[in-house]
Amino acid sequence: MTKKRIAILGSTGSIGTQAIEVIEANPDRFEVEILTANNNVDLLIAQARQVQPNMVVIANEQHYETLCEALENEPIKVYAGAEAIAQVVQVSTVDIVLTAMVGYSGLIPTIKAIEAGKHIALANKETLVVAGDIISKLAREKNVNIYPVDSEHSAIFQCLCGEMQNPMEKIYLTCSGGPFRGMSLEQLEKVTRDDALRHPNWDMGAKITIDSATLMNKGFEVIEAKWLFDLTPEQIDIIVHPQSIVHSIAQFEDGSMKAQMGLPDMKLPIIYAFSYPERLKTDFPRFNFLDYPTLTFEQPNLEVFRNAALAYQAMRKGGNLACTLNAANEVVVDAFLKEKISFLGMSDVIEKVMGKMDFIAAPTLNDYVETDKKARQLTCELI
Ligand code: MN3
């Protein structure tokens, strides 16, 4: 059996480190070909020594010398800079590219990987939020598969097995509700950065944890689902499910609903994206019904958690509006983590930026790049 050779973009983050665990647990099936990281050079060095990839890239060029010196005696090629990341994903020895970097930075490497015909294990949802039209069209042209790593989208993908001829009527993306589920606007006025960083069910990076608390993450996932499964906004609903056991639900035209369930563990969608269409044996903890005698479901309140409503608005209008939404969000989340803006202030600023930016109905890649830049500037000014 030939091993699948994997490039991990964003190897030092939460998804990246779990992907390495999954690969190391299945050495006869997978091997790491490339590791890339943004800033965390120490962890990248440790990972490179451990998994012995063919190449490593550090995006922040200031760390290049440190990385070279540390890996001097290893048979590993060392590069630095964003352009190097966009180049290495195209090498012939890569079968699957796991896009697990944070935010907009994933866009260009993902496009380059698809252009080179690499299958994508997509963990970087912002890529589809920013330029879903370009990415999905290119993937079709190049016969590239995009395997979702986001747990909700992996769930829908798993529900679709054996349903090739059967269109979905609608999908329900489940949402834990985050740490502030059920809170009113008045209560949200007082929440802090540390409150927001305490997610009840999932252990994730800081950016996505804040996005989960504001429901922007769920809004992004709605847009991600539109592009991955070719759905209209009316076909995608959010349902709050605090236990995070049902990972999402596909409803077909006969009214039948299929759900994918299990304990919340990102390693499962990661390994499924790598091993599809096969399922590999794992020793992950199993779900026990007696531990969860009650699974509950409730409507999200999009008047309180306005980011999800803004995402629906961006999806309905199309064009470059979701790109604007993402850029403004990245800036306000960064400001919130530095305690320069309040929790509710984030939605106010994003909405203002969406109202002020020029709308482009059919953007080119260059338009997206420009929109991202301008929206970031405008957001900084408004903070
Ligand atoms: Mn998710």
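Residues numbered from 1 in each chain as written. Predicted model: local features only at pLDDT ≥ 70, side-chain atom pairs only at ≥ 80, totals over all residues. Heavy atoms only, no water.

Colleague: Please explain the layout of surface pockets as it appears in this structure.
Modeller: Over the atoms rolls a probe the size of a water molecule, and in doing so it shows where empty space is left. In this structure, the second largest pocket spans a volume of roughly 880 Å³. Residue lining of the second largest pocket: 25 residues in total, with Phe157, Leu160, Met164, Leu228 and Phe229 positioned closest to the centre. Broken down by secondary-structure element, the contributors of at least two residues to the lining of the second largest pocket are helix H6 (125–141), strand E7 (146–148) and helix H11 (216–229). For the lining of the second largest pocket, the leading source of residues is H6, giving four residues. (1 Å grid on protein atoms, 1.4 Å probe; cavity = no way out; pocket = protein on both sides within 12 Å on 5 of 7 lines; lining within 4 Å. Points joined across faces, edges and corners; volume = space filled by probe spheres on them. Helix = DSSP H or I, 4+ residues; strand = E, 2+ residues; numbered from the N terminus.)

Colleague: Help me understand the domain arrangement of the chain, please; the structure alone is not making it clear to me.
Modeller: The parts lose accessible area when they come together, and the size of an interface is often stated as this lost area. Here the chain is described as being made up of domain 1 (4–148) and domain 2 (164–264 + 286–317). Each of domain 1 and domain 2 was reduced to a C-alpha centroid, and the two centroids are 27 Å apart. In this assembly, 12 residues from domain 1 lie in contact with 12 residues from domain 2. Interface area for domain 1 against domain 2, summed over the two sides, is near 1000 Å², with a carbon-plus-sulfur share of 71%. Together, Lys125, Leu128 and Val129 form the three largest contributors to the area buried by domain 1 at its contact with domain 2, with a combined 49%. Viewed at the interface, domain 2 and domain 1 are joined by two salt bridges. The partner of lysine 207 in a salt bridge is glutamate 126, and the shortest N-O contact between them spans 2.9 Å. The interface formed by domain 1 and domain 2 holds three residue pairs in polar contact (both at pLDDT 80 or more) in total. (Domains from an automatic or database assignment. Contact = heavy atoms within 4.5 Å. Buried area = accessible area lost by both parts, 1.4 Å probe. Salt bridge = Lys/Arg side-chain N within 4 Å of Asp/Glu carboxyl O. Polar contact = N/O pair within 3.5 Å; in protein donor to acceptor, adjacent residues only side chain to side chain.)

Colleague: Explain the coordination of the manganese ion here, please?
Modeller: Note on metal sites: the ideal angle is 109.5 degrees for four tetrahedral donors, and 90 or 180 degrees for six octahedral donors. Here the manganese ion is held by Asp150 (OD), Glu152 (OE) and Glu221 (OE), and the distances to it run 2.1 to 2.2 Å. Sequence spacing of the donors to the manganese ion: D-x1-E-x68-E. With aspartate 150 in the loop between E7 and helix H7 (151–159) and glutamate 221 in helix H11, this residue pair connects regions lying 71 residues apart in the sequence. A relative accessible area of 1% means that glutamate 221 is categorised as buried. (Donors = N, O, S within 2.8 Å, 3.2 Å for Na, K, Ca; no water. Buried < 20%, exposed > 50% of the residue type's maximum accessible area, 1.4 Å probe, protein only.)

Colleague: Hey, could you run me through the pairing of strand E8 (residues 168–175) in this one?
Modeller: Along any regular strand the residues' side chains alternate between the sheet's two faces. Most of E8 is tucked away, with seven of its eight residues classed as buried. Relative to strand E10 (residues 246–252), E8 runs antiparallel, the two sharing four bridges. Along E10, the bridge assignment pairs methionine 168 with phenylalanine 252. Of the strand pairs in this sheet, E8 and strand E9 (residues 236–240) are connected by five bridges, and their pairing is parallel. Residue pairing across strands places leucine 173 opposite isoleucine 238, the latter belonging to E9. (Pairing = 2+ DSSP bridges.)

Colleague: I'm lost on the packing of aromatic side chains in this one. Help?
Modeller: Aromatic ring pairs are described here by two measures, namely the spacing of the ring centres and the angle between the planes. Under the definition given, this model contains 10 aromatic pairs. Measuring from centroid to centroid gives 4.8 Å for phenylalanine 157 and tyrosine 276, while their planes differ by 45°, and the two rings are tilted. Highlighted residues: phenylalanine 157 in helix H7 and tyrosine 276 in the loop between helix H12 (267–275) and helix H13 (306–317), separated in sequence by 119 residues. Judged by centre distance (5.9 Å) and plane angle (70°), the rings of phenylalanine 336 and phenylalanine 343 are edge-to-face. The class for phenylalanine 336 is buried, based on a relative accessible area of 3%. Residue class for phenylalanine 343 comes out buried when judged on its relative accessible area of 3%. Among the aromatic residues, those joined into a ring-pair cluster are Tyr147, Phe157, Tyr272 and Tyr276. Here the guanidinium or amino end of lysine 226 rests over the ring plane of tryptophan 227, the centre of that ring lying 4.6 Å away. (Phe/Tyr/Trp six-rings, centres within 6.5 Å; stacked < 30°, edge-to-face > 60°. Lys NZ or Arg CZ within 6 Å of the ring centre and 35° of its normal.)

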